[in-house]
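Architecture at a glance
The chain contents come next:
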Amino acid sequence: MTERKAAVIGGGVIGGGWAARFLLNGWDVAVCDPDPEAERKIQEVLQNARRSLPALYDRALPEEGRLTFQSDLGEALDGAAWVQESVPERLDLKHQIHADLTALAPPNAIIGSSTSGFKPSELTAQGARVIVAHPFNPVYLLPLVELVGEVGRCADAATILRDVGMYPLIVRKEIDAHIADRLLEAVWREALWLVKDEIATTEEIDEAIRMGFGLRWAQMGLFETYRVAGGEAGMKHFMAQFGPALEWPWTKLMDVPDFTPELVDLIAGQSDAQSGHLSIRALERLRDDNLVGILRSLRRTKSGAGGVIVDHEASLPPVMESVLPVTVLRQVPETWTDYNGHMNEARYLEVGAQASDRFMEMIGADAAYIASGLSYFTVENHVRYLAEVHAGDELKITTQVLATEGKKLHLFHSMTRGDGTLAATMETLLLHMDLQARKSVAPQGGVAEALAQYAAAHRDLAMPDGAGRFVGQRAAQ
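Residues numbered from 1 in each chain as written. Predicted model: local features only at pLDDT ≥ 70, side-chain atom pairs only at ≥ 80, totals over all residues. Heavy atoms only, no water.

Right, let's talk about the overall build of the protein for a bit. Summing up its helical and strand segments, the protein has 17 helices and 14 strands in all. Residues counted as buried form 44% of the 477 residues belonging to the protein. Long-range pairs, those at least 24 residues apart, make up 70% of the contacts in the protein with a sequence separation of at least 6. For the protein, the accessible area works out to roughly 24,900 Å², and carbon and sulfur atoms hold 54% of it. Considering the protein, the positive charge centre built from 45 side chains and the negative charge centre built from 65 side chains are found 6 Å apart. (Helix = DSSP H or I, 4+ residues; strand = E, 2+ residues; numbered from the N terminus. Buried < 20%, exposed > 50% of the residue type's maximum accessible area, 1.4 Å probe, protein only. Contact = heavy atoms within 4.5 Å. Areas by Shrake-Rupley, 256 points an atom, 1.4 Å probe, with all protein chains shown as cover. Lys, Arg positive; Asp, Glu negative; His and termini not counted. Charge placed at Lys NZ, Arg CZ, Asp CG, Glu CD.)

This is the structure we're talking about:
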């Protein structure tokens, strides 16, 4: 059995998202869907995913896997370690598909269902070996997957899902609609009543969410948000103050408005007025760009989904070195571009700083070294902007040691685009510092030895074009 092959059964929005998530994390993916438009739909999802998922990371994702489309279910399942069913929410259809999957999939393969509502006991009622693996759209960006079912299979599934950068949440007890969709259903019901009773329009309800509590939920969820709202006294104070309100007749959660043609037309009309001027693909790109920006902010503090990205990035394989080490290999996110559509000039400095940080790690001047009281400080940079860089471009930086004498370190970073064009160079002068004494000192032990090895390896290389900005008295300080 191929260890890194996934079979996706059903190539709609969710199935396409699953295919993109596995494919961009280096897995081979076989898609099986009788829809003649399945390949086109999958490719459109992949176009969005290739633009957004790598932009979450400051390191390159693995080389993209191989995508195939199979009309024969057995061929799609052959060698698969993960099988994901994403067919429509009809129990009879799922029973039929799961019977075939159980019979044809490799014995050790995980079979997951994307169902948003059915319990595993319902899915396995006819003997299928399936678990619930319920994701959230877009699957290639949002990390949450709710796992429900047999304990051992869920544990094995969680290991695989972490490998592709997801956050598996194992649900303790099976329940209709699992956890997250039950919460969403409650908000959805209340929103329908607000529209029906002419309290608010669809746009006003969306504004209430995205201008207010939606921003808090992204970083803290529900309970932690309310804990903060309780002030220094915390959750007990919040519950004492606002708990009685739960008995007031504020909500209609236990009632559902009739889906009359009039209500459907009212909501559809308001929704079209709200964002009907944008195509679905344009809305998807807008959503993805915003999610990338939010998630990149969250990763700075490892809050919520940001922590998942940081942990996954740490597990990504390093780029193999040549004579010049590759210190950055990443994609440019949309948030790095300016009004001209180019990468903002400050981002050149940022990505050059990432190269310096990575080189520090490579010579042993890492977090543990800093904790011991020693580090390098940048004292001067010189950046040359040589070619345009746009969102989605892949950047590679190689780093050359130009000089290292005592406490000084002189680096030269060369930044190329994916097409091989030299986009920029950055020359960096650093001093090795004692963090307690706040003065420059010579590097210690293993760091000094590793640096000497790099310096020796780079000594016979040609001086990069444009290098040598730090000379004479300035470099000797």
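Counted by the stated rule, this structure contains four cavities of 30 Å³ or more. Taken as a whole, the largest cavity encloses approximately 70 Å³ of empty space. Along the walls of the largest cavity sit Val13, Gly17, Val45, Asn48, Asn137, Pro138, Val139, Tyr140, Glu284 and Arg287, which together make up its complete lining. Residue composition of the lining of the largest cavity, grouped by class: five nonpolar, three polar and two charged. (1 Å grid on protein atoms, 1.4 Å probe; cavity = no way out; pocket = protein on both sides within 12 Å on 5 of 7 lines; lining within 4 Å. Points joined across faces, edges and corners; volume = space filled by probe spheres on them. Nonpolar A, V, L, I, M, F, W, Y, C, P; charged D, E, K, R; others polar.)

Considering only enclosed or pocket space, the second largest pocket measures out at about 770 Å³ in volume. Thr327, Gln354, Asp357, Arg358 and Glu361 are, among the 36 residues lining the second largest pocket, the residues nearest its centre. Going through the elements one at a time, β9 (326-331), α14 (345-362), α15 (367-371), β10 (374-385) and β13 (422-434) are the ones with two or more residues in the lining of the second largest pocket. Per-element accounting of the lining of the second largest pocket gives the leading share, nine residues, to α14. For the lining of the second largest pocket, the per-class residue count stands at 19 nonpolar, seven polar and 10 charged.

To continue, consider the pairing of strand β7 (residues 144-148). Each regular strand shows side chains that alternate between the opposite faces of the sheet. Counting buried residues along β7, four of its five residues qualify, which places the element largely inside the surrounding structure. Of the pairings in the sheet, the one linking β7 to strand β8 (residues 167-170) comprises four bridges and is parallel in character. Bridge assignment links Leu144 to a residue of β8, and that residue is Tyr167. Note that the unit made of β7, helix α6 (residues 151-163) and β8 has a crossover that is right-handed. (Pairing = 2+ DSSP bridges. Right-handed = clockwise from strand over helix to strand, strands pointing away.)

A separate point is the environment of Met220. Summarising the element assignment, Met220 is placed in helix α8 (residues 202-220). With 171 residues separating them along the chain, Met220 and Ala391 place their C-alpha atoms 29 Å apart. Those residues in contact with Met220, other than ones at most four positions away along the chain, are Thr225 and Val228.

Moving on to the pattern of salt bridges. Where charged atoms from two side chains of opposite charge approach closely, those side chains can pair. Tallied over the entire structure, the rule returns 25 salt bridges. Residues Lys41 and Asp35 are paired through a salt bridge, measuring 2.8 Å at the closest nitrogen-oxygen approach. Relative accessible area serves as the criterion here: at 26%, Asp35 is assigned to the partly exposed category. Among the salt bridges present, the one from Arg189 reaches Glu185, with a minimum N-O distance of 3.5 Å. With Arg189 and Glu185 both in helix α7 (residues 180-196), this residue pair falls four residues apart, about one helical turn. (Salt bridge = Lys/Arg side-chain N within 4 Å of Asp/Glu carboxyl O.)

A few words on the pairing of strand β1 (residues 5-9). For β1, a buried count of five out of five residues is recorded, marking the element as mostly surrounded by other parts of the structure. Burial of β1 is two-sided: the residues Lys5, Ala7 and Ile9 facing one way and the residues Ala6 and Val8 facing the other way are all buried. Taken together, the five bridges between β1 and strand β2 (residues 28-32) define a ladder with parallel strand orientation. Pairing of Val8 across the sheet is with Val31, part of β2. Regarding the hand of the β-α-β motif, the stretch spanning β1, helix α1 (residues 13-23) and β2 is right-handed. Pairing of β1 with strand β4 (residues 82-85) involves four bridges; the strand directions are parallel.

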